[in-house]
Amino acid sequence: MQRYQMYIDGRFSDASSGKWFDSYNPYTGEVWGQIAEGGSVDVDRAVTAAHNAFANGPWSQLTASQRGALLRKLGDLITRDARKLAEFEVRDNGKLIAEMVGQLNYLPQWFYYFGGLADKVQGAVIPLDKKGYFNFTRHEALGVVVAITPWNSPLLLTAWKIAPALAAGCTIVLKPSEFTSASTLEFVKLVEEAGFPPGVVNVVTGFGKDVGTPLVEHPLVKKITFTGSDATGRAINQLAAKHFKHVSLELGGKSPNIVFADANLDDAVNGAVSGIFAATGQTCIAGSRLLLQESIHDQFIEKLTALAKTARMGDPMSMDTQVGPITTRQQYDKVLSYIDIAKNEGAELLMGGAPATRTECGKGWFIEPTIFSGVTNQMRIAQEEVFGPILSVIKFKDEDEAVAIANDSSYGLGSGVWTSDIGRAFRMSERIQAGTVWVNTYRAVSYMSPFGGYKDSGIGRENGADAIREYLQVKSVWFNTGAATANPFTMR
Ligand code: NAD
């Protein structure tokens, strides 16, 4: 049994309580490791270390170019260990090795890109409308950043946060999900090997209420960057507001994937399957509402179910597997409960709708790829995020109705539009209320392109050059270069 300690101030250590909690392999349903169970004492140690590193340590003396070089070194180490890190995530999370090898080979790009940006953050000289003054701006690092991640994509989402935060000059306390902490603790070994000074990156493991809440409340923390559910995001936002902390929130989704009759239907079928069954539907951008134009509805459903039925389930460590297990037992129960909810609401079950009993699935937490048709947008199955391999198919007549249905959601994260009419594609991209619109594709992301939510899907953006600004604050500096002494009782 492998045991994972926390990482604070450049050292691995047990939790101050001495307690451990179990980490499960979702393919076997068995415990494979133990993680140190942190609490407020560990939180205080980690935040204090991060604060000291920011305020006084060697990190605070580095130039931006030196910070960039460290980030690029870290990128090289991830490239070296990509396969090993991918395997940890497969074991702990049930993600497919076929996806994780590609993801880990791409992950270094976040560290190269933001490493390159570190020394390109520039203020401006402002051409003032007042004579006798010189005014310029500085972009200064916020300080200690808390990064809280969910279980569905631990390393990718960690990279989205820490690469721009470190490039900006901040220091970090990471809190991975209690369900999938191992890969983050493997990753932090590379942070140490790259030569980041102690205290710059710390990892405190444990549960939301014991570690997450004290981290958000800690007076030395300046910013919280969070990815997770909207319920937790709301709680964090309220607590952060009390202490005037900066927040970025990447939350859930109920993304519409919209197919018009003039689309290339084979491509769209591919996009619909990728939207909901890739990563077993456990992605914030899952295209969980498939909107089909009436005239192609039946033909599309036929093609869609034919392709979905070929999905190979089983060992996520096998390169042939296409649909893996649900990551946690709790999530498995939740997904099954939504199948009952959909049935009770009158949706028509087209395929799946039950735990997978295929022999390749062993004792793992598998659920058959499931498709419901006859869904109306008012049903809970169309409004609430399931976070699993459950697709709701909704019919629409024309463009206006497609937009109305797409936007009738508290969420606004991703969206897909399938059409061969370029004018329609542009109109739809303007009218859909979502942080991302994919036209004739789905589930594409890059370190270069901004990602984030409209409405309840979040606040702030990750990725893209502006993401570094989420970790900076602007200072305006004024010099008197000869302005006459002014009346002290009026504004200058
Ligand atoms: P979650 O909200 O339950 O947990 C996320 C993290 O928050 C975990 O580390 C957890 O321990 C911590 N946490 C829980 N309660 C806390 C509290 N009170 N204070 C501080 N931290 C607390 O989410 P999850 O179930 O791990 O992840 C699934 C959710 O994440 C889905 O809703 C999904 O849509 C969302 N998600 C969003 C994005 C995005 O970029 N928008 C990406 C991936 C996942």
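In every chain, residue numbers begin from 1 and rise along the written sequence. Local features in this predicted model are restricted to residues of pLDDT 70 or higher, and side-chain atom pairs are both shown and tallied only at a pLDDT of 80 or more, whereas totals for entire chains, interfaces and linings draw on every residue. Where side-chain values are given, they derive from all heavy atoms of the structure, hydrogens and water being excluded.

- Looking at an unreviewed UniProt entry, one finds the protein chain named Aldehyde dehydrogenase and attributed to Sulfuriferula multivorans.
- Here is the UniProt Sequence similarities (unreviewed entry) comment for the protein chain, exactly as written: "Belongs to the aldehyde dehydrogenase family." UniProt positions are given in the numbering used here, feature names are shortened, and annotations may be inferred rather than shown by experiment.

## A word on the overall build of the protein chain
- Secondary structure elements are taken from DSSP: a helix is a run of H or I of four residues or more, a strand is a run of E of two residues or more, and numbering for both begins at the N terminus. Looking only at helices and strands, the protein chain has 16 helices and 23 strands in total.
- Radius of gyration: over C-alpha atoms. The globule rule applied is 2.2 Å multiplied by the number of residues raised to the 0.38 power. Relative to the 2.2 N^0.38 estimate, which gives 23 Å for 492 residues, the radius of gyration of the protein chain is 24 Å and therefore close to what a compact globule would have.
- For the protein chain, the spread of C-alpha atoms along the three principal axes comes to 80 × 60 × 40 Å.
- Only protein chains enter the accessibility calculation, which uses a 1.4 Å probe. A residue is then buried if its area is under 20% of the maximum for its type, exposed if over 50%, and partly exposed in between. With 492 residues in all, the protein chain has 57% of them scored as buried.
- When contacts within the protein chain are restricted to residue pairs at least 6 apart in sequence, long-range pairs at least 24 apart make up 74% of them.
- Surface accessibility of the protein chain: about 19900 Å² in total, with carbon and sulfur atoms responsible for 52%.
- Only four residue types enter the charge count, namely Lys and Arg as positive and Asp and Glu as negative; His and the chain termini do not. To locate a charge, the coordinates of NZ of Lys, CZ of Arg, CG of Asp or CD of Glu are taken. Treating the 47 positive side-chain charges of the protein chain as one cloud and the 51 negative ones as another, the clouds have centres 6 Å apart. The criterion used for residue contact is that any of the two residues' heavy atoms lie within 4.5 Å. All accessible-area figures derive from a Shrake-Rupley calculation using a 1.4 Å probe, and residue coverage is judged against the displayed protein chains alone.

## Some remarks on the UniProt feature "active site" (unreviewed entry) in the protein chain
- UniProt's entry tags Glu250 with the feature "active site" (unreviewed entry), counted in the numbering of this structure.
- Considering the arrangement of structural elements, one finds glutamate 250 in strand 12 (residues 246–250).
- With residues near it in sequence (within four places) discarded, glutamate 250 still touches Phe226, Thr227, Gly228, Phe451, Gly452, Gly453, Ser457, Gly460, Arg461 and Glu462.

## So, helix 9 (residues 208–217)
- Here helix 9 has its buried residues at Val211, Gly212, Pro214, Leu215 and Val216.
- For helix 9, the secondary structure elements touched by its buried residues are helix 1 (40–55), strand 8 (144–148), strand 9 (171–175), strand 11 (221–227) and helix 10 (230–242).

## Overview of the sheet that holds strand 23 (residues 472–480)
- Any two strands with at least two DSSP bridges between them are considered paired. The three strands lie next to each other as 6-7-23, forming an open sheet whose pairing is antiparallel. What marks the edges here is a single partner per strand, and that holds for strand 6 (125–126) and strand 23.
- Two strands pair when backbone bridges link them, and strand 7 (residues 133–141) and strand 23 are joined in this way by nine bridges, in the antiparallel orientation. Residue pairing in the sheet places arginine 138 in a bridge with lysine 475 of strand 23.

## A short note on the pattern of salt bridges
- Basic side-chain nitrogens of Lys or Arg form a salt bridge, by our definition, when they fall within 4 Å of a carboxyl oxygen of Asp or Glu. Overall, the coordinates contain 22 salt bridges when judged by the stated rule.
- Between arginine 427 and glutamate 399 there is a salt bridge, and its shortest N-O distance comes to 2.8 Å. Taken together, the residues arginine 427 in helix 16 (residues 422–431) and glutamate 399 in helix 15 (residues 399–407) connect sequence positions 28 residues apart.
- Using a relative accessible area of 38% as the deciding quantity, one classes arginine 427 as partly exposed.
- The network of salt bridges with common partners includes Asp262, Glu399, Arg424 and Arg427.

## Structural notes on the site of the ligand
- The local shell around the ligand holds 27 residues, among which Glu178, Ser229, Thr232, Leu251 and Glu385 are the closest.
- The term polar contact refers here to a pair of N or O atoms within 3.5 Å; inside protein, the definition further demands a hydrogen-donor-capable atom paired with an acceptor-capable atom, and it admits residues adjacent in sequence only when both atoms are side-chain atoms. Within the side chain of serine 229, a nitrogen or oxygen atom sits 2.7 Å from an oxygen atom of the ligand.
- Within the backbone of leucine 251, an N or O atom sits 2.7 Å from a nitrogen atom of the ligand.
- Summarising the interface, the protein chains cover 87% of the accessible area of the ligand, which totals 850 Å² for the free molecule.
- Looking at the shell around the ligand, the elements that each hand over two or more residues are helix 9, strand 11 and helix 10.
- For the shell around the ligand, the leading source of residues is helix 9, giving three residues.
- Put simply, Ala, Val, Leu, Ile, Met, Phe, Trp, Tyr, Cys and Pro go in the nonpolar bin, Asp, Glu, Lys and Arg in the charged bin, and everything else, Gly too, in the polar bin. For the shell around the ligand, the class distribution of residues is twelve nonpolar, eleven polar and four charged.
- Where each domain starts and ends follows an automatic or database-derived domain assignment. Here the shell around the ligand spans two domains, and each of domain 1 (2–251 + 457–476) and domain 2 (256–439) adds at least three residues to it. Here a residue counts as near a molecule or strand whenever at least one of its heavy atoms sits within 4 Å of it.

## Topic: the packing of aromatic side chains
- Only centres within 6.5 Å qualify two rings of Phe, Tyr or Trp (six-membered ring in Trp) as a pair; their planes then separate them into stacked at under 30 degrees, edge-to-face at over 60, and tilted for everything else. One pass over the full model with this rule turns up 22 aromatic pairs.
- For the ring pair tyrosine 24 and tryptophan 365, a centre distance of 6.2 Å and an interplane angle of 50° mean the geometry is tilted. In this pair, tyrosine 24 sits in strand 4 (residues 20–25) while tryptophan 365 sits in the loop between strand 15 (348–351) and strand 16 (370–373), placing the two residues 341 residues apart along the sequence.
- On the accessibility criterion, tyrosine 24 (37% relative accessible area) is partly exposed.
- The criterion for a charge sitting over a ring is simple: Lys NZ or Arg CZ within 6 Å of the ring centre, and within 35 degrees of the ring normal. Its end group placed over the ring of tryptophan 32, arginine 91 keeps NZ or CZ at 5.2 Å from the ring centre.

## Examining the pairing of strand 14 (residues 289–293)
- Most of strand 14 is tucked away, with five of its five residues classed as buried.
- Residues Arg289, Leu291 and Gln293 line one face of strand 14 and the alternating positions Leu290 and Leu292 line the opposite face, and both faces are buried.
- Note that strand 13 (residues 256–259) and strand 14 share four bridges and pair parallel. Paired with isoleucine 258 across the two strands is leucine 291, which belongs to strand 14.
- As paired elements, strand 14 and strand 17 (residues 390–396) share five bridges and run parallel to each other. When the sheet's bridge partners are listed, arginine 289 is paired in strand 17 with serine 392.

## A look at the environment of glycine 68
- With respect to the helices and strands, the residue glycine 68 is situated in helix 3 (residues 64–80).
- Since its relative accessible area comes to 1%, glycine 68 is described here as buried.
- Here the alpha-carbon distance between glycine 68 and leucine 292, two residues 224 residues apart in the chain, equals 47 Å.
- Setting aside its immediate chain neighbours within four residues, glycine 68 contacts Gly115 and Ala118.

## Topic: the domain arrangement of the protein chain
- Each assigned domain of the protein chain is listed here: domain 1 (2–251 + 457–476) and domain 2 (256–439).
- Taken over C-alpha atoms, the centre of domain 1 sits 31 Å from the centre of domain 2.
- Once two parts are brought into contact, the accessible area they lose, counted with a 1.4 Å probe and summed over both, makes up the buried area. Surface buried jointly by domain 1 and domain 2 totals about 2200 Å² across both partners, of which 65% is contributed by carbon and sulfur atoms.
- At the surface where domain 1 touches domain 2, the tally comes to zero salt bridges.
- Linking domain 1 with domain 2 are eight residue pairs in polar contact (both at pLDDT 80 or more), by the criterion used here.
- For the side of domain 1 that touches domain 2, the secondary-structure elements that each account for two or more residues are helix 4 (82–93) and helix 5 (97–106).
- Ranked by the residues each element gives to the side of domain 1 that touches domain 2, the list is headed by helix 4, at four residues.
- Class assignment of the residues belonging to the side of domain 1 that touches domain 2 gives a composition of ten nonpolar, seven polar and six charged.

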